[in-house]
Amino acid sequence: MAVVKLFGAFAETAGWRDAEIDAATLDALRQVLVADHPGLVDRLDHPSTFVVLNGAILPPAARAGDRALTPTDEIAFGPPVSGG
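Caption draft 1: Quick peek at the pairing of strand E5 (residues 74-78). In terms of burial, E5 is largely enclosed, as four of its five residues are buried. Of the pairings in the sheet, the one linking strand E1 (residues 2-6) to E5 comprises four bridges and is parallel in character. If you follow leucine 6 over to E5, its bridge partner there is phenylalanine 77.

Encoded structure:
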């Protein structure tokens with residue numbers, strides 16, 4: 001099971017920050033998250049959402065739904081970050 005971390009409004013919507021979720025692909029993970037927390041649907045698919053896989057930020061072009069996940073992966077989702 002992949003470790004999933006949610007930050008900011010994502011965590012507030014879901015009611016948790018860390019979970020282990022069994023999903024073979026990024027799209028399957030999104031489907032599980034949305035099924036359990038419908039309020040995440042627009043946030044997960046928004047291009048400004050940050051997605052981090054094993055410590056590396058995934059640009060929108062690398063977030064294909066069929067991207068494979070392994071049981072040892074750690075993936076995080078959160079709102080855009082700004083500042084300086």
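Caption draft 2: Inspection of the pattern of salt bridges at higher detail. Inspection of every chain in the model, using the stated rule, returns one salt bridge. Among the salt bridges present, the one from lysine 5 reaches aspartate 18, with a minimum N-O distance of 2.8 Å. With a gap of 13 residues between them, lysine 5 in strand E1 and aspartate 18 in strand E2 (residues 18-21) connect regions that are remote in the sequence.

Caption draft 3: Here's a closer look at the sheet that holds strand E3 (residues 50-53). Judged by pairing direction, the sheet is mixed, and its five strands sit side by side in the order E2-E1-E5-E3-E4 without closing on themselves. The open sheet has two free edges, formed respectively by E2 and strand E4 (56-57), since each of these has just one partner strand. In the sheet, E1 pairs with E2 via four bridges, with the strands oriented antiparallel. Each residue of the ladder has a partner; that of alanine 2, found in E2, is isoleucine 21. Along the sheet, helix H2 (residues 26-36) contacts E1, E2 and E5; its crossing angle with E5, the most-contacted strand, is approximately 55 degrees.

Caption draft 4: Quick peek at the side chain of aspartate 73. Mapped onto the secondary structure, aspartate 73 falls in the loop between E4 and E5. In this structure, aspartate 73 is buried with no salt-bridge partner, the nearest side chain bearing the opposite charge being arginine 67 at 7.0 Å. With residues near it in sequence (within four places) discarded, aspartate 73 still touches Ala2, Val3, Leu53, Asn54 and Ala68.

Thresholds applied
Residues numbered from 1 in each chain as written. Predicted model: local features only at pLDDT ≥ 70, side-chain atom pairs only at ≥ 80, totals over all residues. Heavy atoms only, no water. Buried < 20%, exposed > 50% of the residue type's maximum accessible area, 1.4 Å probe, protein only. Helix = DSSP H or I, 4+ residues; strand = E, 2+ residues; numbered from the N terminus. Pairing = 2+ DSSP bridges. Salt bridge = Lys/Arg side-chain N within 4 Å of Asp/Glu carboxyl O. Contact = heavy atoms within 4.5 Å. Axes fitted to C-alpha atoms, helices over the stretch in contact; angles between N-to-C directions. Lys, Arg positive; Asp, Glu negative; His and termini not counted.

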